[in-house]
Amino acid sequence: KMDTTNKVTFPTIKDVPAEAWQKLAQKRIYFGHQSVGQNIIDGINDVIKQNTQIKLNIIDLPKVTDFNKPFFAHSGVGKNEDPRSKCEDFDDVIDKKIAGKVDIAFFKFCYVDIMPATDVRRLFESYQSTLASLKEKYSKVVFIHVTTPVTSLQTGPKAWIKKLIGKPLRGYDDNVKREQFNAMLRKEYSGKEPIFDLAGIESIFPDGSRSTFKKDGKEYPALAPVYTNDGGHLNELGRKVVAEQFLIFLANLANK
């Protein structure tokens, strides 16, 4: 459903002062991801084309030859549906491939990493310990935390049939689990370390209303259907909306 009572207004690219973009252009950034992350990279490229004041050298990590020059490097980490492999891989990249020679680093889980059967507490503990040991070793690196993306709620004839035969619909039990993980992330790092609320942004329609559902009296975010063609990945509109907010978030971070 759409919740129009408390509308959200996003900041825009124009709200960011020129010097913040200049500061961001000087940073060395690393982003580890899988498919939704690639959607975001594509979105960043779309936004940069339309906003020439944003100068980022977006590059695949293996192609970085000089770690003293600014870059926005990215690469795949781990395997989808095996979130702990992403923790291990990210640790490995920061430690061995990059050796801590970045200013900002982060990775994110994919929606397929957190499903109804996932032990979110255990997953959060392995995420937390990975980040804690990296922070201790590389105290100058700013590590960003990213909430796990959500999926849209399944509707239409297929959903109707699934309901009839008692099969779970996409976007309900799995999004509940993702929100449990994201709540742990917010509780642990809010106000202490930077958090980019990807799930939150994905659940806000272009008009500022929210895409949510209720389960056991609690409200949970879901991906706004207008941002996706398959229920999980970001389409052109979705990736642009997320990339804009992400770039603004990074520029504000660089400007601190």
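Residues numbered from 1 in each chain as written. Predicted model: local features only at pLDDT ≥ 70, side-chain atom pairs only at ≥ 80, totals over all residues. Heavy atoms only, no water.

(A) Spotlight on the overall build of the protein chain. When its secondary structure is counted, the protein chain shows eight helices and ten strands. Scaling as 2.2 N^0.38, a compact globule of 256 residues should have a C-alpha radius of gyration of about 18 Å, and the protein chain matches this with 18 Å. Over its C-alpha atoms, taken along the principal directions, the protein chain stretches across nearly 60 × 40 × 30 Å. Once local pairs closer than 6 in sequence are excluded, the contacts in the protein chain between residues at least 24 apart make up 72%. (Helix = DSSP H or I, 4+ residues; strand = E, 2+ residues; numbered from the N terminus. Rg over C-alpha atoms; globule rule 2.2 N^0.38 Å. Contact = heavy atoms within 4.5 Å.)

(B) Summary view of the side chain of Thr118. Following the sequence through the fold, Thr118 ends up in the loop between β5 (104–107) and α4 (120–137). Residue classification places Thr118 among the buried residues on the basis of a relative accessible area of 16%. Leaving out residues up to four positions away in the same chain, Thr118 has contacts with Asp113, Leu123 and Lys177. (Buried < 20%, exposed > 50% of the residue type's maximum accessible area, 1.4 Å probe, protein only.)

(C) Fine view of the nonpolar core. If you look at the biggest cluster of nonpolar residues, it comprises 44 residues, and the most contacted ones within it are Ile44, Phe72, Phe106, Ile144, Phe196 and Phe246. Put simply, the parts of the chain that give this core at least two residues each are α1 (18–25), β2 (28–33), α2 (35–50), β5, α7 (198–202) and α8 (236–254). (Core = buried A, V, L, I, M, F, W, Y, C linked by side-chain atoms within 4.5 Å.)

(D) Fine view of the environment of Leu153. Turning to its location among the elements, Leu153 is positioned in the loop between β7 (145–146) and α5 (157–165). When the C-alpha atoms of Leu153 and Tyr172 are compared, they prove to be 6.7 Å apart, with 19 residues separating the residues in sequence. Look past the residues within four positions of Leu153 in its chain and what remains in contact with it is Arg170, Gly171, Tyr172, Asn175, Thr212, Phe213 and Ala222.

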